[in-house]
Amino acid sequence: MASSEIVRIGCLGLGKVVEYHHLPGLRLDPRARLVGVCDVDPVLAAQRAEQWGADWHTTDFRQLCAASDIDAVIIATPNDTHRPLAMAAIQHGKHVLCEKPLGLSAAEAGEVYRSARDANVVHMTAFTYRFAPSMRYLKHLIASGDLGSPRHFRSQRFLDLPETSWGWRQYLATAGAGDLFDMTIHRIDFAMDLLGPLQRVTGAIAQFAQRDRTSDGSSCPPSQVDDWSCLIGHFAQGAVGVWEGTTVAKGYGNDGYGHEWAEVNGAEGSAVYRLRDPHHILLGRTGQDLHSVPVPREFLTPSGSPRSSNSGDPATIFRYDLVWEFVSAIVEQRDAVPDFYDGLQAQIVADAVLQSHQEQRWVELGVVPR
Ligand SMILES: NC(=O)c1ccc[n+]([C@@H]2O[C@H](COP(=O)([O-])OP(=O)(O)OC[C@H]3O[C@@H](n4cnc5c(N)ncnc54)[C@H](O)[C@@H]3O)[C@@H](O)[C@H]2O)c1
């Protein structure tokens, strides 16, 4: 790191998620500075460097990963590139925040995790929804015993996306899977963050939209991936879970946010996280139906963060906290949360869902040592 203690960041992939999540996070963080940007699209790379105030740009990820004026990278490229880009960055001793899924399979995710661990770099998987204030409060309520022993976990993530081409997202070689790797994998991650590891799962996927046209009407090879995914799971601590995700649920647009509901029913009470209202949680007990309760102030923003919980749409602004956590871990010389191990754990479960679907059976999950 530079003697000034500023964390010098390089961004690999300059598309939507960097624009909406990571760049605003970087701009809020006085401890970090965007130095280099990289995209295979040379026009976009030059444009972003100028718009975002980066010192330089390149189309070659190897150049950015080897650059001596970069301490840490953010990888936000299509899923098939996560492994090679992360490996290149780790090889050059860079700290890495990588988008989910960490790889196209648990084998890839495992390789990336072990390399980062052995290289002693800070590594983080971008499991965004862990940072929602109501999710952080839900975790606290479970850990403090407020809900009693957890019995059921339930997650619904419904989107109403256009049925035109998803670009790289709709091909197995570049995405690995559809809704399962794009959306449900987040929910697998936060369920395990709340309730611990899963022991066995059964799942299914389905595809309804062909997506053989682009938004301007030209034809393209049809989608090869799921747009609906589900699983049922047993947690090692005894609770059971049910997840359902879809990107083709008509009437669930909600300004692009769709519908998200995740809840835990414990022996003493229930608590519900909803993406659209992350500054409130629903709480209920026998004789006291679910009702909205404000999330306490200490859960609205991470400790020390300059982010205001009042400015911007609450369903968007918590996403800026990922960069805060990544930079905090680097500055404080500690592990980031969630890290690549969490990325691997979620990938193992997502792979097991695909295996369960193919083989029409429950799949037992082994324990992978840290
Ligand atoms: N955590 C979240 O909530 C969240 C949200 C959206 C997307 N994502 C993930 O972020 C990643 C990117 O998604 P997006 O929506 O920003 O995609 P996008 O298509 O908008 O952007 C990807 C960019 O990467 C560039 N690219 C492709 N290969 C490259 C390479 N080898 N080197 C450098 N640049 C390259 C593309 O030209 C493109 O500009 C995906 O893995 C996706 O799953 C995560």
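Residues numbered from 1 in each chain as written. Predicted model: local features only at pLDDT ≥ 70, side-chain atom pairs only at ≥ 80, totals over all residues. Heavy atoms only, no water.

### Overview of the domain arrangement of the chain
What the domain assignment lists for the chain is domain 1 (7-127) and domain 2 (129-315 + 345-363). Contacts between domain 1 and domain 2 engage 16 residues on the former and 19 residues on the latter. Carbon and sulfur atoms make up 64% of the area that domain 1 and domain 2 hide from each other, which totals about 1,400 Å². Contact with domain 2 buries area across many residues of domain 1, yet Lys100, Leu104 and Phe127 alone supply 43% of it, more than any other trio. The interface formed by domain 1 and domain 2 contains one salt bridge. In this structure, Asp182 engages Lys100 in a salt bridge whose closest nitrogen and oxygen atoms are separated by 3.2 Å. (Domains from an automatic or database assignment. Contact = heavy atoms within 4.5 Å. Buried area = accessible area lost by both parts, 1.4 Å probe. Salt bridge = Lys/Arg side-chain N within 4 Å of Asp/Glu carboxyl O.)

### Digging into the packing of helix H6 (residues 133-143) against helix H8 (residues 179-195)
Two quantities define a packed helix pair, namely the angle between the helix axes and the distance between the axes. Two elements in contact, H6 and H8, have axes whose closest approach is 9 Å; the angle formed by their N-to-C orientations is 30°. By the angle between their axes, H6 is roughly parallel relative to H8. Between H6, through Met135, Leu138, Lys139 and Ile142, and H8, the contact on the second element is made entirely by Phe190, Asp193, Leu194 and Leu195. Grouping the constituent residues of the contact of H6 with H8 by class yields six nonpolar, no polar and two charged. (Axes fitted to C-alpha atoms, helices over the stretch in contact; angles between N-to-C directions. Helix = DSSP H or I, 4+ residues; strand = E, 2+ residues; numbered from the N terminus. Parallel < 35°, antiparallel > 145°, perpendicular 65-115°, else oblique. Nonpolar A, V, L, I, M, F, W, Y, C, P; charged D, E, K, R; others polar.)

### Notes on the environment of Val327
Of note, Val327 is situated in helix H10 (residues 321-331). Sequence spacing of Val327 and Asp29 is 298 residues, and the spatial spacing of their C-alpha atoms is 8.3 Å. What Val327 contacts, discounting residues up to four positions off in sequence, is Val7, Ile9, Asp29, Arg31 and Ala32.

### Describing the sheet that holds strand S2 (residues 32-38)
Read from one edge of the open sheet, six strands run S3-S2-S1-S4-S5-S6, paired in parallel fashion. Of all strands in the sheet, those with a lone pairing partner are strand S3 (56-58) and strand S6 (123-125), marking the two edges. Neighbour to neighbour, the strand axes of the sheet diverge by 20° on average, direction disregarded. Sheet topology note: the strand S1 (residues 7-12)/strand S4 (residues 72-75) ladder contains four bridges and is parallel. Each residue of the ladder has a partner; that of Leu12, found in S4, is Ile75. Taken strand by strand, helix H1 (residues 16-28) contacts S1, S2, S4 and strand S5 (95-98), and its axis lies near 145° from that of S2. (Pairing = 2+ DSSP bridges.)

### Quick notes on the nonpolar core
Among the nonpolar cores identified, the biggest contains 106 residues, and Ile9, Leu34, Leu138, Phe153, Tyr273 and Phe340 are the most heavily contacted of them. Ranked by residue count, the leading element in this core is helix H11 (residues 340-359), at 10 residues. Each of two domains, domain 1 (7-127) and domain 2 (129-315 + 345-363), supplies a minimum of three residues to this core. For Ile9, the contacting residues outside a window of four places in its chain are Leu26, Ala32, Arg33, Leu34, Val35, Gly36, Ile70, Ala72, Ile74, Phe326 and Val327. (Core = buried A, V, L, I, M, F, W, Y, C linked by side-chain atoms within 4.5 Å. Buried < 20%, exposed > 50% of the residue type's maximum accessible area, 1.4 Å probe, protein only.)

### Regarding the packing of helix H4 (residues 82-91) against helix H5 (residues 106-119)
One way to put it is that H4 packs onto H5 with a least axis distance of 10 Å and a crossing angle of 10°. Regarding the angle of H4 to H5, the classification is roughly parallel. The segment H4 lies against H5, with Arg83, Ala86, Met87 and Ile90 engaging Glu108, Glu111, Val112, Ser115, Ala116 and Ala119. In the contact of H4 with H5, the residues fall into six nonpolar, one polar and three charged.

### So, the sheet that holds strand S14 (residues 288-294)
Taken in spatial order, the nine strands line up as S14-S13-S12-S11-S7-S10-S9-S8-S15 in an open sheet, and their pairing is mixed. Both outer strands of the open sheet, S14 and strand S15 (363-364), are each paired with one neighbouring strand and no more. The pairing of strand S8 (residues 198-206) with S15 spans two bridges and is antiparallel. By the bridge assignment, Val201 is partnered in S15 with Val363.

### Brief notes about the site of the ligand
Around the ligand, the surrounding shell holds 23 residues, and the nearest of these are Asp39, Asn79, His82, Glu99 and Thr128. In the model, an oxygen atom of the ligand is placed 3.1 Å from a nitrogen or oxygen of the Thr77 main chain. Contributing elements (two or more residues each) for the shell around the ligand: H1 and H8. Sort the elements by how many residues they give to the shell around the ligand and H1 lands first, with three residues. Tallied by class, the residues present in the shell around the ligand amount to nine nonpolar, eight polar and six charged. (Near = heavy atom within 4 Å. Polar contact = N/O pair within 3.5 Å; in protein donor to acceptor, adjacent residues only side chain to side chain.)

### What about unusual backbone geometry?
Residues Lys100 and Pro101 are joined by a peptide bond in cis, for which omega reads -10°. The amide bond that connects Val337 to the next residue, Pro338, takes the cis arrangement and shows omega of 0°. In the Ramachandran plot, Gln360 falls in the positive-phi region, its phi being about 55° despite a non-glycine side chain. Tracing the sequence through the fold places Gln360 in the loop between H11 and S15.

### What about H1?
Between its first and last C-alpha atoms H1 spans 18 Å; for 13 residues at 1.5 Å apiece the expected length is 18 Å, and the two agree. Those residues of H1 lying buried are Val18, His21, His22, Leu23, Gly25 and Leu26. (Expected span 1.5 Å × (residues − 1).)

### Thoughts on the pattern of salt bridges
Here the structure, examined in full by the defined rule, presents 25 salt bridges. A salt bridge links Arg62 to Asp60; the nearest nitrogen and oxygen atoms lie 3.2 Å apart. Given a relative accessible area of 29%, Asp60 falls into the partly exposed group.

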